[in-house]
Structures are given as C-alpha cells and as structure tokens.
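Next come the chains, spelled out residue by residue.
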Amino acid sequence: MMRIELVKRPQRSALFSVLSPFIAFALTIIAGGIMFALLGVNPLDAFNIYFIQPVSEVWQLHELAIKAAPLILIAVGLSVCYKANIWNIGAEGQFIFGAIFGSIIPVLFPQFEGPLVIPLMLLLGMVGGAFYASIPAFLKTRFSTNEILTSLMLVYVAQLFLDWLVRGPWRDPQGHGFPQTIQFSDSATLPQLMPDAGRANWGFVFALVAAVAIWLMMSRMLKGFEVRVLGSSPRAGRFAGFGFNRMVFFSFLLSGALAGLAGISEVSGAIGQLQPVISPGYGFTAIIVAFLGRLNPLGIVAAGLVLALTYLGGEAVQSALGISDKVARVFQGMLLFFVLGCDTLIHYRIRLIGMALMKPDAAKLDAAPKLEEAR
Amino acid sequence: MGGTVSANHDRSNLLEVRGLTKIFGTLTACDHIDLNIARGEIHALLGENGAGKSTLVKMLFGSLEPNSGEIFWDGKAVKITSPGVAKKLGIGMVFQHFSLFEALTAAENIALSLNDGSPISTIAAKARALSFSYGLPLDPDSLVGDLSVGERQRIEIIRCLLQTPQLIILDEPTSVLTPQEADKLFETLERLRAEGKSILYISHRLEEVKRICDSATVLRHGKVVGHCNPRQETAASLARMMVGSEVKAVERAPAEGIETAPALLEIRGLTRKPATPFAIPLKNINLTVRAGEVIGIAGVAGNGQGEFFESVSGEVPQQDAGSVRIRGKDAGALSITGRRLMGAAFVPEERLGHGAAPRMKLSENLLLSRHATDGKSFVGSGGMVKNSAVYNAAQRIITAMDVRKSAPDPEAAALSGGNLQKFIVGRELDRKPSVMIVNQPTWGVDAGAAARIRQALIELARSGSAVLVISQDLDELFELSDAIAVMHNGELSAPLPIAEATFEKIGLLMGGAEPGHAEHSLEMA
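Residues numbered from 1 in each chain as written. Chains lettered and ligands numbered in written order. Predicted model: local features only at pLDDT ≥ 70, side-chain atom pairs only at ≥ 80, totals over all residues. Heavy atoms only, no water.

A. Fine view of the overall build of chain A. The secondary structure content of chain A amounts to 16 helices and two strands. In terms of principal-axis extent, the alpha carbons of chain A reach across some 80 × 60 × 40 Å. Counting every position in chain A, which comprises 375 residues, the buried fraction comes to 49%. Taking as baseline every contact in chain A between residues at least 6 positions apart, the subset at least 24 positions apart corresponds to 77%. Element-wise, carbon and sulfur atoms account for 68% of the exposed surface of chain A, whose accessible area totals about 17,400 Å². With 26 positive and 20 negative side-chain charges, chain A shows a separation of 15 Å between the mean positions of the two kinds. (Helix = DSSP H or I, 4+ residues; strand = E, 2+ residues; numbered from the N terminus. Buried < 20%, exposed > 50% of the residue type's maximum accessible area, 1.4 Å probe, protein only. Contact = heavy atoms within 4.5 Å. Areas by Shrake-Rupley, 256 points an atom, 1.4 Å probe, with all protein chains shown as cover. Lys, Arg positive; Asp, Glu negative; His and termini not counted. Charge placed at Lys NZ, Arg CZ, Asp CG, Glu CD.)

In structure tokens, the structure reads:
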C-alpha cells in the first residue's frame, strides 16, 4: 500500500512559476496527441488542422480576435476577484445579463438611432452585468452564503431568462416564429475595426484597454494593493482598515461590469441580435484564461488568444476530420488541469510513503504531531 | 564558560546526542550539537529565538531528519524517523501551542491522540488518577473551551504522561501561566524527577531555569556555547552566554507631573458581547492613559486581551461612541483608519498575517498601516502609489530600528521574528503617534531586539505620548510600566502604580482574585 502526500516546499521556484503555463501547454499537446491517435487520426495532421491552419490567413486572425475579446474582458475582471480571494464563477450569467440590458435600446426602441446608441448600449451592458453580479455579492455580505454556489447557480437563471425573453416578449414578430429578436440596426451594431480585412470589431480594443487599465490598477494603485492584501492576508487587511465587504462588492461589480461589456459587445458586434444561446461558454472558459495568464492582466491577453484558438481549432477539426467540436472542451479542460497541476507542484512536492514499512500503530501516532505542524 | 556537571558521572545517560547537524539551504540551524541528558534530571535548553532550540527538539521528536550526527538512547544508537518512533522509545513532548479541540472534553481530546480504541470512560478514569497523583487537578469531563490556559496545558501534560515516557520535552511551558500556576507545574516536574524520569526544559526565563533545572545546555546561532549548572550561575551570566554580549538594561526615567497631564486615551465602560462561543466578553472596562506615561496590562493569555485590542484599535468598532476617547474626542464608533487619523497607532500580537502581510515586501507592509495617515506623501493623484517615497520611508525605519535583513526590501516572512517586530514597531513610531497601543511587544523576540523595542516605547511616552502595553511577560511590564492593570476573564483591575506593584499582587489578580473590581479609585483620582 502506498500513501501519497503533498509536502509544502520551503521555497517557490521563480523560474518554474514563469515556465508553468508553457509546461502545461506542452503537456496538453502530448495528451491531445494521444487522444487524436486513439481516435484514429494522425496527431501531426490533426495538430496542423487544429492549431496552425485556423491562423494562417488574415481574416482568420480577425476571427481569433472576435473569440479572444470576450475571453480577455471577462478573465481580466475575474483576475481581480481571484486575487482578492473572492470566487466569482458566474461570469457566464453576468455576460448574458450584460447582453440583455444592452439590447434594451435596439429591441424596445429600434427607432432611436444615432451616434449615442452604441455608447448607451455599452453602458447599459456594464450596468446589467454589474447588477447581476451584485446579487451573489449581497448574499455573501448579508448572509455569508458561499459565492461559488450562488454565482454559479445564477448562470442557469440567466440562461433560462434569456431563453424566455427571445421566445416570448422580445421575439421578432416577423421572424417566422424563430426564437430570436429583431436584427440590430446599423447604429446599434458595434463597428468593425478594418472591414476590408476581416470581421474583428471594437470589442477586441475594449479587451486590450481593460487589460492595461486593470494591470495598472493592480500593480500601481492603492486599490490594487487593497485587493492583494485582502486576498493574501484578510486579517492584515482588516488591520490596514480595508473593509472586506466593500471588497466583495468592488470585485463583483467590476468583474460583472466587464463581463456585461463583453456580453453586449458580442451581441452587438458578432451576432447582431439576441438568440437563446449567445455564448459557447465564454464565462467558464475565461476562468481557465485567468489562471493560464497567472491572474496577470497582460498574461491574460496571451492566454485569451490561446484559448480562442482552441475554439477555432475545434470547429476546424469538426469540418475537416469529422471529429466532434466537443474536442475543444477537452483541450480547454486538459489545459486547466495541467496548469493547476503545475502550479500545485510549484508549491508542493509529492511524497510517497510505503504503508507496509510502517507499523500500523506508529502510523496512527504520527497523526497527532501533524495537527501541531499544521497550525 | 561553566564546567560540565560532575555529579552525573556515575549515572548512565538516558539520551546522548553527538554532532547533530541540520542544514536548511544555506542556513545551518543546528551545527554539531552535543547534548547529554541523565536519568532523573531536569535539563534546561537555553537560547534566544532562532538559536536552534526548536530545530534540535524537532529532530529529537522525529519531526525533522538530521543531516548528520548520532542519537543514543539508553546507550544504543537510534534513528528517530517519526514522532511515532519517538513515542515508542519513550519520548513525550508538550508543545508550546496546544493542539486541542475546544468543542470536545478533555478526555475526548486525550482519546484522540492515544487512538488505541479504549473507551472514553477508561481513559477518563486513567487521566483522573494521573492528574490526582501528580497534583494536576483536572476534570476529564469538562469541555476544553471552558478551561483556562493553565488547565489546557495540564491536558497536554497528562496526555503525554499517559504514554509513560522516560523523557518529557516541555517547550516554553510557563509562557502562558500565572506565577502561581507555574509554581504548581514546578512541583509536578520535581515529582517526575523523583520518579527517575528525565525532563528537557526549553525556556528563556532564566530565573525559573536557575530554580528547577539541574543542568543546562546553552545554544547560540545553532552551536552549543556551553554546558553548565544553572544553580552556580547568575541570571546575568546565563544571559551573557545566550546573547554573547551584555544586554543593555532598559532605562526608565521617573515620570513627572503625570496626574495633571492631559488624558490622551480614555476607555469608559467598554463592554462587548462575545463574537463566537469561545470568545471572552469584555465587561465594563475603564482605563485612562495620560500623556507621558506607560500603562501595562498583565494577564494570562485568553482572558480578553485580543478582544480588548480589537475594540480599542477599532478593528471592531463599538456601538457607544464614548466608550473609547482619543485625545479628548469620542472615537468608539470610528474604524481603525479613523482612529489612526486621530493620532493613534497600533501593534497587534500576531506579526505575520495580522501586523504584516507575510508575502509582501517591507515597503508594502509600511503602506499597510500608513496609507491613510500618510496619504499625502505615499499616494499621489488618482490613487497611484508613490513607490519611491514608500521605499525611502521603509529604508528610514529599517535604519532607525536596526532591522537586519538579507535583501534591500525583502518579504515580511523572510525576516526573523525579532527583526520583523522591530520593523512593525518602528513603522508606528516613525509617525510619532500621540497614542500607542501595543499587544505583546516582544513576544518571541531576542533579548537585544526586545531591549531596543522597550526603550523606544519608554522614550515615546516620555516625549509626551500615551503608551498602553498589553503583555503576558511580567518582567517586561515591570521594566516598562508606570502602572500595571490586570485583565482577567474580560475584566480589568484598577492600575497599580509600579511602586506598589509586586509579582505576588499582580499574580493573584491574574489568577482571578478580587473579582469584580467595582471601584476604580486610582484612576478616578
């Protein structure tokens, strides 16, 4: 019998902290190659189709930017939450509510046109996401509920609410019964950056601006210091006079607003109307992006591009090789698994203990001092 | 330095340690340690914080593996690979920090560590018999949460004795006891010695080592600097061995004209309900600290000092705004930031995780308590932190307090306890606060750093500030204070002027004599 224990390392290796995402990516490729081989496909061909071909032409890079924009916007907000040790898992719901709030103008007031429409929609999108994020924040500060559960469960509420809206009150009367709203007018459509080269819209610019702004806040401003102190040592944070409840609201509202902005940008830029499903799980994939980017906004930009590629690659292998596009989810899952695994091994080392070598009573007695060490 | 103990030649040693060495990275925590413990002796292990005492003991108890060296038990070479092996050999240990579950009874806690399947009632009966025969009164059926610290320590000792050890290791056992409780413990130790058991007694309190120990091994910087008979040494000569140089005595000029000086900190009828089932409620606490004086608060740990500090610092504000007044203004409803802006400064008991964020640099930890009071110099427009100003201020404090460190701006966790405490105290002194409240200013701090911190607190008071020191260390309070009050079970006695205070008087108050303290005649005068 073997027992496996994780033993905390006295020092963290700075080198491997930097290398960790790359090692994780390499391990994902190896495991992915095995998966393709098991599916009966030559792994090299599959990788060519999955990772190389989707980014070999300019218009495809635009598609990459379209997929990366919401991932980066959401993940940058989530990184603030996670740095503060607050676990917002419900960005998908906040994304949807941002899309719904932002769509109020083009759906209910389609005759309102002009240059003010887009800024107002974006603002409403942020308000919607922040509003939806304030619910788990309120529940946590008022009733000490676990924000992981409440924010996650609210995702399903949001999805069903959107489904009801587009099948019921907001359905396009001329839409032949399809569950969708009217097409947004031109002035309610987020402009494309370079219409001649590809479809990428201003959402990608928002993502880059948000990443730089949050990076500045976290590394240079007192607010970022407050986030880091409360996240790493809450008691020291209280001693500093930083309020924990205020931080819960700040981080939820900020990440909610960014997720909402991503939602309305996606609907107004890439889709052009509300549908029952407007996201291929951006809100959840962004969690992977946040960790793959080491919770650093600039790292998140790179991680967002990588994860966006897994979406495009999934579509590509489906059309070229007939493999289900669920393979994208598998890649995303493996990437998160290996990132978390690498991070764990940076902080801990594995110790195998042969149980057979120890007398059973000695093993039992061992437990009491462990308690002491753990304190 | 003192000779070896000659009286022990005829006895065979129970434990012999030869050249035991433990290396952590570049630090040699224990460097070729030799140690002999005879049967039936109380052997003191002396040394400052960081001298290697804990590392040595952990190797003897099997929690750490030595890099080299030998251990002989009863004349035979042994390898102590785990605490289980140590217990099998007959080595028992009572830790400084207890590992007890507060919601379980004493007997249940003992049963958990024995883990041999015997029914609770049998264990309770054994524990009762043991506690009776060693003069350690304990009711095995009482809930740990209801017990005093001294009683909890008795559970740990009985738990250790139930395994019939030949060698008992006690780590700083009196640091949590009143003088009277410590006397009781010494009687028990003498009884164990009379039965032929050996005791390794770790302490930095020289008077008690002189009183009960037969021999002593002194460590400094991981090396044995001497074996001696503490009875033939003076406290001063032992201290010299531990520190390696003379420890400068703290000087306290007499405070003059205190009675007429303005009251800078007033606590009026401070009452607080317990926040958790095991927290101590504060009951109608009254205290005045005037400009120029140091008031000490003595008390056994866990009698409400933590709750009192939280309330006075504003980490937990009060309903009644008048219950805490700073410089003549109500502060009870203000947060800790509001109270700092009124001129108060605070040093909590825990250094890592409360007074400082462990994984943050010293300069960031400076910002921790001073981002509001020094907002103009540290934070620029738009909330941007002026990193160079903060860095320079941190360096100023490091120089002023002689903080020793390995890098220009290391993480707080990389500093030794004493050096971090010097930084945390220095961080507040640098502001020249008019009210300073310190909880356990020198807990676990080496003698040199402790003297420096104490001197700095006295100087702050004499320059016109009010200083309130909460401490479990009576020697420290007698060295620092102009008057000492005692906290017991959430109540605070009237302060005794230092001229009238004695260890006996304070010790009785710490044990709960004179409950109620209805009148506070001294401070009203």
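B. Seen up close, the confidence of the model for chain A. Residues at a pLDDT of 70 or more form 94% of chain A, whose mean pLDDT is 89. Below a pLDDT of 50 lies the segment residues 356-375 of chain A, which in the model reaches 30 contacts outside its immediate sequence neighbourhood of four places, other chains included. (pLDDT = per-residue confidence, 0-100.)

C. Inspection of the sheet that holds strand 15 (residues 329-330) of chain B at higher detail. All names here are of chain B. Taken in spatial order, the four strands make up an open sheet running 12-11-14-15, and their pairing is antiparallel. The open sheet has two edge strands, strand 12 (282-290) and strand 15, and neither has a second partner. Taken together, the six bridges between strand 11 (residues 263-272) and strand 12 define a ladder with antiparallel strand orientation. In the strand pairing of strand 12, L265 is matched with V289. Set on the sheet, helix 9 (residues 305-313) makes contact with strand 11, strand 12 and strand 14 (324-326); between it and strand 11 the angle comes to about 120 degrees. (Pairing = 2+ DSSP bridges. Axes fitted to C-alpha atoms, helices over the stretch in contact; angles between N-to-C directions.)

D. Representation of the domain arrangement of chain B. Residues and elements named next belong to chain B. What the domain assignment reports for chain B is domain 1 (6-243) and domain 2 (263-524). Placing the centre of domain 1 and that of domain 2 at their C-alpha centroids yields a distance of 32 Å. Each side of the interface is counted separately: domain 1 has 17 residues, and domain 2 has 16 residues. Our count for the domain 1 to domain 2 interface comes out at zero salt bridges. Within the side of domain 1 that touches domain 2, the residues separate by chemical class into six nonpolar, seven polar and four charged. (Domains from an automatic or database assignment. Salt bridge = Lys/Arg side-chain N within 4 Å of Asp/Glu carboxyl O. Nonpolar A, V, L, I, M, F, W, Y, C, P; charged D, E, K, R; others polar.)

E. Focus on the interface of chain B and chain A. Each partner contributes to the interface: chain B provides 46 residues, whereas chain A provides 28 residues. For the chain B and chain A pair, buried surface summed over both sides reaches about 3,100 Å², with 59% attributable to carbon and sulfur atoms. Counting the surface chain B buries against chain A, the share from its top three residues, H354, M360 and L368 of chain B, is 15%. Run the count over chain B and chain A and you get three salt bridges. (Buried area = accessible area lost by both parts, 1.4 Å probe.)

F. Inspection of the packing of helix 6 (residues 117-143) of chain A against helix 11 (residues 244-271) of chain A at higher detail. All names here are of chain A. One way to put it is that helix 6 packs onto helix 11 with a least axis distance of 6 Å and a crossing angle of 145 degrees. Note that helix 6 runs across helix 11; the crossing there is right-handed. Of the residues that constitute the contact of helix 6 with helix 11, the class distribution is 17 nonpolar, nine polar and one charged. (Left-handed = near helix turned anticlockwise from the far one by under 90°.)

G. Region of interest: the sheet that holds strand 6 (residues 91-94) of chain B. All names here are of chain B. What the six strands build is an open sheet, ordered 6-7-8-3-9-10; its pairing is mixed. The open sheet has two edge strands, strand 6 and strand 10 (223-228), and neither has a second partner. Going from strand to strand, the sheet's axes swing by 20 degrees on average, the running direction of each strand aside. Relative to strand 8 (residues 198-203), strand 3 (residues 42-46) runs parallel, the two sharing five bridges. Each residue of the ladder has a partner; that of L45, found in strand 8, is I202. Seen against the sheet, helix 5 (residues 149-161) touches strand 6 and strand 7 (167-171) and runs at an angle of roughly 175 degrees to strand 6. Running at roughly 145 degrees to strand 8, helix 6 (residues 179-194) makes contact with strand 3, strand 7 and strand 8 of the sheet.

H. Spotlight on helix 13 (residues 387-400) of chain B. All names here are of chain B. Spanning 14 residues, helix 13 covers 20 Å between terminal C-alpha atoms, matching the ideal 20 Å at 1.5 Å per step. Within helix 13, burial applies to V390, A393, A394, I397 and I398. Here the buried residues of helix 13 occupy an arc of 140 degrees about the axis, which is enough to place them on one side. Projecting away from the buried face of helix 13 at angles above 90 degrees are the exposed residues S388, T399 and A400. Those residues of helix 13 that are buried are in contact with helix 11 (362-370), helix 12 (375-378) and helix 14 (417-429). Where helix 13 terminates, the next one or two residues include D402, which has phi positive at roughly 55 degrees. (Expected span 1.5 Å × (residues − 1). Arc of directions from axis to C-beta.)

I. Highlighting the packing of aromatic side chains. Residues and elements named next belong to chain A. As enumerated under the stated definition, the model contains 25 aromatic pairs over all chains in all. With a centroid separation of 6.3 Å and 5 degrees between ring planes, the pair formed by W87 and F291 is classed as stacked. Taken together, the residues W87 in the loop between helix 3 (58-83) and helix 4 (91-102) and F291 in helix 12 (residues 282-292) connect sequence positions 204 residues apart. Its relative accessible area of 18% is what places F291 among the buried residues. (Phe/Tyr/Trp six-rings, centres within 6.5 Å; stacked < 30°, edge-to-face > 60°.)

J. Quick look at the domain arrangement of chain A. All names here are of chain A. When cut into domains, chain A gives domain 1 (1-35 + 323-375) and domain 2 (42-172 + 179-186 + 198-322). Once you take the C-alpha centre of each, domain 1 and domain 2 turn out to be 30 Å apart. Counting from both sides, the interface comprises 20 residues of domain 1 and, opposite them, 21 residues of domain 2. Taking both partners together, domain 1 and domain 2 bury about 1,700 Å²; carbon and sulfur atoms supply 71% of that area. Per-residue buried area on domain 1 facing domain 2 is highest for I323, F331 and Q332; these three make up 34% of the total on that side. Viewed at the interface, domain 2 and domain 1 are joined by one salt bridge. Of the charged contacts, one joins D343 and R294 as a salt bridge, the two residues approaching to 2.5 Å between their closest N and O atoms.

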